[in-house]
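Take a look at the letters that make up each chain.
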Amino acid sequence: MQPARRVAYDTLRAVHESDAYANLHLPTAIARAGLNPADAGLATELAYGTLRRQGTYDAVIQIAADRAVHDIDPAVLDALRLGVHQLLSTRVASHAAVNESVEIAREAGSRGAAGFTNAVLRRVSRDTPGEWMQRIADGARSDDERLGLVTSHPVWIVRALRRALAAEGRADELEQLLAADNDAPRVTMAALPGLAEVPESAVRTPYSPFGFRLGGGDPESSIRASEGRLRVQDEGSQLAALALVHATPIEQGERWLDLCAGPGGKTALLAAEAIGRGARLDANEITPARAGLVRQALAAVPLEVEVAERDGREYAAEHPGVYDRILVDAPCTGLGAMRRRPEARWRKAPSDVPELSELQRELLSSAIGALKPGGVVAYVTCSPHLAETAGVVAEVRREWGEAIEEISARDAVASASRIDPSILPQIDGSGRAQLWPHRHGTDAMSISLLRRV
């Protein structure tokens, strides 16, 4: 069996059997297998592509197998998904896709499993991708289900994204957004301000003054050579951190806080900015493993940053009126990062949203209590879901009343970057800035700024 397919399959099994995160598991698996760059790229495409399109492939498998996917042994089902991805979405030769998937099923199951896999994949290979898409679309019970099946999104996510786009008067962009979620994102990097320069050979990103893309190859060599001062970071994440810095004029000696800091990318950018602006920075992360990642990210920055390991609500409550600026990058559904976290769409359910939005509200409200008068909090989620974004901000504004005011995140993002605020429209009268994969090429980051009066 080709090593790249073995690594891709093992990643699928880790995701489905052990709740692993593909973006964490796959690099380790590639290194352990000693894959060369070409095979590493193939393994990444196979694993990520299969996970992104899992909903579509399951619909195809159900028709081709004439049985519900939940009745298929999970290990065999992952072999089928990997095979269908190669047949319908890659240029891999059909015989190679079928034969290697059959071998995987044989190892994972039995001779019977191998025969079953062979029969299903040969059935799939007889029709074109377009014919399969039409077949599963014709079987949908509603327009939303059709969209969900063809674009591989759960129906509840389709509806949530439509509502979020409609908040900007752009509901007609839904299919563009769903398609963008299935595109492999380009690797975007950041040069920590004041500590590193964008390489001359790099291509600058359109918005962030510190963002760039390399011409190709593994970015790890550049990261190591810069001792971490060049780092992988989505441009939307860069803009979210910079919005806090540019929200209001900075005074010497300010004290800043990253309340939910893991894994530390935004923390490192804030720390670099703090050095150049004479500010102090604290960080907090409730999960010890993620707190370790924050410390690792900060190792490249010559600033002493204390990283606490507390519940953010408790930490903020113990520091009333202390901070000038606070970043609340709150735990969320992650619907804005489905390009780079392909399993996210299958791990969340509508029932998760109320609990998350309540946690988000409590974190944001607690952070406001930790602000000095005139201090600013940036409320950020990597989700455009209105219940996690505009809804949370509206509830906190009602709770605090005239003690807080919203300031324009769109203007702050524009001040910090090369972005035109007119491409961040809102029709609800708020100052929220919403970035989008299909429109801005970033994760779907939502950024709101609240100032304590």
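Before going into details, it helps to say that this report is about the structure given with it. Bear in mind the structure is a predicted one, so any value in this text is a computation, not a measurement.

So, how was this worked out
- Throughout, residues of each chain are indexed from 1 in the direction in which the sequence is written.
- A pLDDT threshold of at least 70 governs which residues receive local features in this predicted model, and a stricter bar of 80 or more applies before side-chain atom pairs are shown or counted, although totals over entire chains, interfaces and linings include all residues.
- As a convention, hydrogens and water are excluded, and side-chain values are obtained from all of the structure's heavy atoms.
- For every residue, the accessible area (1.4 Å probe, protein chains only) is compared with the maximum for its type, and the residue is labelled buried under 20%, exposed over 50%, or partly exposed between those bounds.
- Every helix listed is a DSSP run of H or I at least four residues long, and every strand listed is a run of E at least two residues long, numbered separately from the N terminus.
- Regarding the arc, it is the one traced by the directions from the helix axis to the C-beta atoms.
- Any two residues having at least one pair of non-hydrogen atoms within 4.5 Å are treated as being in contact.
- A pair of strands is treated as paired once DSSP finds two or more bridges between them.
- In the sections that follow, a salt bridge refers to a side-chain nitrogen of Lys or Arg positioned within 4 Å of a carboxyl oxygen of Asp or Glu.
- Polar contact is defined as a pair of N or O atoms within 3.5 Å, subject to the rule that within protein one atom must be able to donate a hydrogen and the other to accept it, and that residues adjacent in sequence are counted only when both atoms are side-chain atoms.
- Buried Ala, Val, Leu, Ile, Met, Phe, Trp, Tyr and Cys residues form a nonpolar core when they are joined through side-chain atoms within 4.5 Å.

1. Looking at helix H11 (residues 174-181)
Alright, step 1. Taken residue by residue, H11 has Leu174, Leu177, Leu178, Ala180 and Asp181 as its buried positions. With its buried residues spanning 160° around the axis, H11 presents them on a single face.
Alright, step 2. Against the buried residues of H11 lie helix H3 (37-52), helix H9 (143-151), helix H10 (155-166), helix H17 (344-347) and helix H21 (437-440).

2. Brief notes about the sheet that holds strand E1 (residues 189-191)
Alright, step 1. The four strands lie next to each other as E2-E3-E1-E4, forming an open sheet whose pairing is antiparallel. The sheet terminates laterally at strand E2 (203-204) and strand E4 (230-232), the two strands that pair on one side only.
Alright, step 2. As paired elements, E1 and strand E3 (residues 211-213) share two bridges and run antiparallel to each other. Bridged to Met189 within E3 is Phe212.

3. Comments concerning the pattern of salt bridges
Alright, step 1. This structure, assessed with the given rule, holds 37 salt bridges.
Alright, step 2. Among the ionic contacts, a cluster of salt bridges with common partners joins Arg13, Glu17, Asp58, Asp78 and Arg81.

4. What about helix H13 (residues 235-245)?
Alright, step 1. By the criterion of burial, H13 is predominantly enclosed, with eleven of the eleven residues buried.
Alright, step 2. Along H13, the residues that are buried comprise Glu235, Gly236, Ser237, Gln238, Leu239, Ala240, Ala241, Leu242, Ala243, Leu244 and Val245.
Alright, step 3. Where H13 begins, one side-chain oxygen reaches toward the backbone nitrogen of Gly236, 2.8 Å away; that side chain belongs to Asp234.

5. Some details on the pairing of strand E12 (residues 446-452)
Alright, step 1. For E12, the buried fraction is high: five of the seven residues fall into the buried class.
Alright, step 2. The pairing of strand E9 (residues 371-381) with E12 spans six bridges and is antiparallel. Across the sheet, residue Thr381 finds its bridge partner in E12, namely Ser446.
Alright, step 3. Across two bridges, the pairing between strand E11 (residues 433-434) and E12 is antiparallel. Bridge pairing in E12 places Gln434 opposite Ser446.

6. Considerations on the environment of Cys382
Alright, step 1. Mapped onto the elements of the fold, Cys382 is located in the loop between E9 and helix H19 (390-400).
Alright, step 2. Separated by 380 residues in sequence, Cys382 and Gln2 have C-alpha atoms that sit 36 Å apart.
Alright, step 3. Apart from residues lying up to four places away in sequence, Cys382 is in contact with Cys332, Gly334, Leu335, Gly336, Ala337, Asp443, Ala444 and Met445.

7. A word on the nonpolar core
Alright, step 1. With 50 residues, the main nonpolar core has Val413, Ile447 and Leu449 as its most contacted residues.
Alright, step 2. Mapped by element, the contributors of at least two residues to this core are H13, helix H14 (265-277), strand E6 (280-284), helix H15 (288-298), E9, helix H20 (409-416) and E12.
Alright, step 3. With seven residues, H13 is the largest single contributor of residues to this core.
Alright, step 4. Beyond its immediate sequence surroundings of up to four residues, Ile447 is in contact with Leu239, Ala240, Ala243, Tyr379, Val380, Ala409, Val413, Arg432, Ala433 and Leu435.
Alright, step 5. The next biggest cluster of nonpolar side chains, apart from the first, holds 26 residues, and it includes Leu80, Val102, Val120 and Ile136.

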